[in-house]
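Listed here are the chains, written in short residue letters.
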Amino acid sequence: MESDGEQEAAATPTLGASAGAPSAGRLKGCPELSLEGDMREMAKTAVWSVSSSKPGNGVASLRDHSLDTYWQSDGAQPHLVNIQFQKKVQLQLVVLYVDFKLDESYTPSKISIRAGDGLHNLKEIKTVELSKPVGWVHISLSGTDPRETFIHAFMLQIAVLANHLNGRDTHVRQIKIYGPRLNPVPHQHFHFISR
């Protein structure tokens, strides 16, 4: 199911995106978290960190499954969320919950997604602009080639580059990272015949 934000994203490319990094356009958000395909949440065992936070609004608020809590940055932009995995993983989709109606100038308006082996070699994968989003914003990590359905990375970084109404600090209520579900070989009974 394609949300209105995703349809608009296809029609409105982001200006000023890094050369070589595909842009996703202006996204608005979707009230319900829905996924297409067979994906699994990848970030449960990852190590999460943020560039800054206000007391009581730290990194744990991004993963507490509550839309009433939020991470609030405290410092200069860009505001960073770093997700580090124990091994190289396949990543397909980043989903953020943001709410312009509640957070106004704290709501991100431009986000960059970067991936790599660590902080030393992160590469920008995608830049998106958000247009007063309310709900779950889906950011596909797929490339322009239809065969590129996921990326391989030890680390993912979500950088909030700008906020609505020129706000300084940011609010993000939830972040989920999805990758393809690894399909085990179906359980089939093998019949061996010796001759």
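Below, the structure is looked at part by part. (Residues numbered from 1 in each chain as written. Predicted model: local features only at pLDDT ≥ 70, side-chain atom pairs only at ≥ 80, totals over all residues. Heavy atoms only, no water.)

**Quick notes on the overall build of the protein**
What the protein contains, in helices and strands, is two helices and twelve strands. Going from the N terminus to the C terminus, the protein shows its helices and strands as α-β-β-β-β-β-β-α-β-β-β-β-β-β. Within the protein, buried positions represent 45% of all 195 residues. A sequence separation of at least 24 residues applies to 77% of the contacts in the protein between residues at least 6 apart. Here the protein has roughly 10900 Å² of accessible surface; of this, 52% comes from carbon and sulfur atoms. (Helix = DSSP H or I, 4+ residues; strand = E, 2+ residues; numbered from the N terminus. Buried < 20%, exposed > 50% of the residue type's maximum accessible area, 1.4 Å probe, protein only. Contact = heavy atoms within 4.5 Å. Areas by Shrake-Rupley, 256 points an atom, 1.4 Å probe, with all protein chains shown as cover.)

**Things to note about the packing of aromatic side chains**
Counted under the stated rule, the structure contains one aromatic pair. Taking the centre distance of 5.1 Å and the plane angle of 75° together, the rings of tyrosine 97 and tryptophan 136 count as edge-to-face. Here tyrosine 97, found in strand S6 (residues 93-99), pairs with tryptophan 136, found in strand S9 (residues 134-140); they are 39 residues apart in sequence, far enough to count as distant. The residues tyrosine 97 and tryptophan 136 share a single accessibility class, namely buried. (Phe/Tyr/Trp six-rings, centres within 6.5 Å; stacked < 30°, edge-to-face > 60°.)

**A look at the pattern of salt bridges**
If charged atoms from side chains of opposite charge come close, those side chains can pair. For the structure shown, the criterion picks out five salt bridges. The shortest N-O distance in the salt bridge between lysine 88 and aspartate 117 comes to 3.8 Å. Taken together, the positions of lysine 88 in strand S5 (residues 79-91) and aspartate 117 in the loop between strand S7 (108-116) and strand S8 (123-130) put the pair 29 residues apart, joining distant regions of the chain. A relative accessible area of 44% means that lysine 88 is categorised as partly exposed. Classification of aspartate 117 by relative accessible area gives partly exposed; the value is 37%. The shortest N-O distance in the salt bridge between aspartate 103 and arginine 173 comes to 2.8 Å. Remark: arginine 173 occurs in the loop between strand S11 (171-172) and strand S12 (174-180) and aspartate 103 occurs in helix H2 (residues 100-103); sequence separation between them is 70 residues. With respect to burial, aspartate 103 and arginine 173 carry one shared label: buried. (Salt bridge = Lys/Arg side-chain N within 4 Å of Asp/Glu carboxyl O.)

**What about the side chain of aspartate 103?**
The exposure class assigned to aspartate 103 is buried, which follows from its relative accessible area of 4%. Among the polar contacts made by the side chain of aspartate 103, one reaches the side chain of arginine 173 at a distance of 2.8 Å. If we skip the residues at most four places from it in the chain, aspartate 103 touches His171 and Arg173. (Polar contact = N/O pair within 3.5 Å; in protein donor to acceptor, adjacent residues only side chain to side chain.)

**Looking at the side chain of histidine 164**
Residue position: histidine 164 is located in the loop between strand S10 (151-163) and S11. Setting aside anything within four residues of it in sequence, one finds histidine 164 in contact with Phe100, Glu104, Ser105, Thr107, Pro108, Ser109, Leu130, Ser131, Lys132 and Pro133.

**Considering the sheet that holds S6**
Strands in a sheet are paired, the pairing made by backbone hydrogen bonds, and the direction either parallel or antiparallel. Read across the sheet, four strands follow the order S2-S12-S6-S9 without closing on themselves; strand pairing throughout is antiparallel. For this open sheet the edge positions go to strand S2 (39-41) and S9, each flanked by a neighbour on one side alone. On average, each strand axis in the sheet is inclined to that of its neighbour by 25°, with strand direction left out of account. Of the pairings in the sheet, the one linking S6 to S9 comprises seven bridges and is antiparallel in character. Residue valine 98 lies in a different strand from S9, and its bridge partner there is glycine 135. (Pairing = 2+ DSSP bridges. Axes fitted to C-alpha atoms, helices over the stretch in contact; angles between N-to-C directions.)

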